[in-house]
Amino acid sequence: MVAIGQLPQRLYRTLDGGLTWSLQIEEDSTFYSNFEFVDDIHGWMKVYKEVPSDRPPSYEYSLRRTKDGGNFWQQVSNPPDSAFFALHFVDSLIGYSGGTNAVYRTTDGAESWQEMTIEPGVHFGLWDIYFVDKQYGWAVGGSSDIFDAGIILKTTDGGKTWEVNRHPTHIGSAVYFINPDVGYIAGDPAWGGVIMMTKDGGENWDYYYPSSPHLNDIVFIDDSTGWAIGARGFLLHTRDGGSTWQRMETGTHADLHRIIFIDNGNVGYIFGENNTLLRYDGTGSTVIRDNSITPSTFNLDQNYPNPFNSETIIKYELIHPASVILKVYNITGKEVITLVDEKQIEGSYQIIWNGKDQFGKEVSSGVYFCLLRVAAFSQTRKMCLIH
C-alpha cells in the first residue's frame, strides 16, 4: 500500500511487488499514513480527515484496520490524539501507539487501548516504536526536559512497563533492532542527521554523523546490510553493520519518509513527499525514481527539530515567483500566527518560529500545523511543541 497525492489523497495497492499499482481508495480531504502490516492480510493505517472550517487546517483522526489484505478497511478504536504519532504492531492482535508523555497498548487488534506504565516525571514526544519480538521493544523521540535532546524508552516485558535510557542522545526519528542487543536509531539533531548504534541493548551508544539533513527512517535487511533515508532525497547504505555508510544518489530532492523491503531484501521501496516513489532492485544495485507519479511542485519541508520546546526552523522552496502565505494553526484549526504573507521570488527560504502566537504569547504544548499556500498549491506539516 502507498498513499499518493495532495488533497484529495489516493491509496494505491500493488499485488506484483510494485511493478504495477491500482487505485484502492480515493476520499476528499483525507490523508493516509502510518501503514502497518504484520502479514499478507492484517494491516492498519492512520487517517486524517479534514474538517470544514473557516480557519483550516483542522483534522479528525481515526485508525482503520484490514483483515483481507486491503480490500476492505474498517474503522477501529484509536488512542487519544496526543498518543497517536507512533504506531507499531507485533502481530494481528498486539500493537502499540505513542506520542506526548504516553504509550498505549492493544491486545485485540485495536478494538481497545490501555495506557502503559512509564516512570513518573519524564516528559517527551515519541516518533517511532519498534519491537524485535513480543517482549523487547524500543520507542524514540524528543525530550521536553532538555532542549534539543532525545528520549529512548525500552521495555522487556511486552510493553507493560517502560524504562528511560539515561545516556545522552539526539532526537530520534526512527528505531530498528536486529536482535535484543544490536539496534540503530536515525536521529535529528538541529544541525543535520545522526545514526546511533548499540551492541549491548542500549547500555552504550556509538554515533555517526553523516553530512546530511535530518534522517527519517532506518532499516536493516540482515546483520550487515542497512539503509537510512532523510530530507532532500538523502539515502545512506551500509554493508558492514553500520561501521561505515555510503551515500547513494536518488535523483530527487524530495523528503523521503518510509523505506520497506520485500523478496528477502532484493527489492525495496522508498516513499516520500510530493508523490515520490523510489524502487531499489538489489540485483542491479540501482535506485529508480518513478517519475510518472512525481510532479514538479513547490515544497514545504518538515520543520526541525521536531518535537521542539522553544523554537523550530521551517524551510520551503518556490519554483517561480509567487505570493506566499505561511501560517501556523492549532489542532482545532484556529490560526496561531502568520509567519509569511508576501510575494517572493523563486528559491529556498527558511524561517524560525519561536512557539509564540501573533500577540507574542507562548502557546501551550501540543500539536500544531504549518500551512504553506502558493496560488492553488497548499501543503501542511505537523509540528509537536513540548514544554
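About the thresholds
- Residues numbered from 1 in each chain as written.
- Predicted model: local features only at pLDDT ≥ 70, side-chain atom pairs only at ≥ 80, totals over all residues.
- Heavy atoms only, no water.
- Buried < 20%, exposed > 50% of the residue type's maximum accessible area, 1.4 Å probe, protein only.
- Helix = DSSP H or I, 4+ residues; strand = E, 2+ residues; numbered from the N terminus.
- Pairing = 2+ DSSP bridges.
- pLDDT = per-residue confidence, 0-100.
- Contact = heavy atoms within 4.5 Å.
- Salt bridge = Lys/Arg side-chain N within 4 Å of Asp/Glu carboxyl O.
- Phe/Tyr/Trp six-rings, centres within 6.5 Å; stacked < 30°, edge-to-face > 60°.
- Polar contact = N/O pair within 3.5 Å; in protein donor to acceptor, adjacent residues only side chain to side chain.

Colleague: Please provide a residue-by-residue account of the pairing of strand β34 (residues 366-374), values included.
Modeller: Each regular strand displays side chains that alternate between the two surfaces of the sheet. When you tally the buried positions in β34, you get seven out of nine residues, the bulk of the element. Across seven bridges, the pairing between strand β31 (residues 322-330) and β34 is antiparallel. Across the sheet, the residue bridging to Val324 is Val374, located in β34. Both β34 and strand β35 (residues 377-385) contribute to a ladder of nine bridges, which runs antiparallel. Looking at the pairing, Val367 lines up with Cys384 of β35. Between β34 and β35, which pair antiparallel one after the other, the connecting turn spans two residues, and Ala375 there sits at a positive phi close to 55 degrees.

Colleague: Mind laying out the confidence of the model for the protein, listing which residues take part and the relevant values?
Modeller: This prediction gives the protein a mean pLDDT of 83; 87% of its residues lie at or above 70. A low-confidence stretch, residues 1-8 stays under pLDDT 50, and its non-local contacts, those more than four residues away or across chains, total 38 contacts.

Colleague: Would you mind going over the sheet that holds strand β24 (residues 246-247) in detail, with residue names and values included?
Modeller: Pairing is antiparallel in the open sheet, where four strands are placed in the order β21-β22-β23-β24. Either end of the sheet is taken by a strand with one partner, and the two such strands are β21 (215-220) and β24. Bridging between β21 and strand β22 (residues 226-230) involves five bridges; their strand directions are antiparallel. Paired with Ile218 across the two strands is Ala228, which belongs to β22.

Colleague: Report on the pattern of salt bridges, specifying residues and quantitative values.
Modeller: Evaluation of the coordinates by the stated rule reveals seven salt bridges. Between Arg258 and Glu36 there is a salt bridge, with the nearest N and O atoms lying 3.8 Å from each other. Of the two residues, Arg258 is situated in strand β25 (residues 256-262) and Glu36 in strand β4 (residues 30-37); the sequence distance between them amounts to 222 residues. One salt-bridge network, held together by shared partners, links Arg232, Asp301 and Glu317.

Colleague: Kindly report on the packing of aromatic side chains, identifying the contributing residues and their values.
Modeller: Where two aromatic rings form a pair, the distance of their centres and the angle of their planes describe that pair. The full count for this structure, using the stated rule, is 18 aromatic pairs. Their ring planes at 65 degrees and their centres at 5.1 Å tell us that Tyr48 and Tyr61 sit as a pair that is edge-to-face. One end of the pair, Tyr48, is in strand β5 (residues 43-50); the other, Tyr61, is in strand β6 (residues 59-66), and 13 residues separate them in sequence. Summarising the aromatic geometry, the rings of Phe177 and Trp205 are spaced 6.5 Å apart at their centres and angled 90 degrees between planes, so their arrangement reads as edge-to-face. Taken together, the residues span a long stretch of sequence, with Phe177 in strand β17 (residues 172-177) and Trp205 in the loop between β19 (194-198) and β20 (206-208) at a distance of 28 residues. Classification of Phe177 as buried rests on a relative accessible area of 1%. An aromatic cluster of three or more residues is present, and its members are Trp44, Phe89 and Trp113.

Colleague: Please provide a residue-by-residue account of the side chain of Arg65, values included.
Modeller: Inspection of the secondary structure puts Arg65 in strand β6. A distance of 2.7 Å separates polar atoms of two side chains, one belonging to Arg65 and the other to Glu111. Look past the residues within four positions of Arg65 in its chain and what remains in contact with it is Gly43, Trp44, Phe72, Trp73, Gln74, Val76, Asp108, Gly109 and Glu111.

Colleague: Lay out the sheet that holds strand β9 (residues 95-98) in plain terms, naming residues and giving numbers.
Modeller: Read from one edge of the open sheet, four strands run β8-β9-β10-β11, paired in antiparallel fashion. Sheet topology places β8 (86-89) and β11 (114-115) at the edges, where each strand pairs with a single neighbour.

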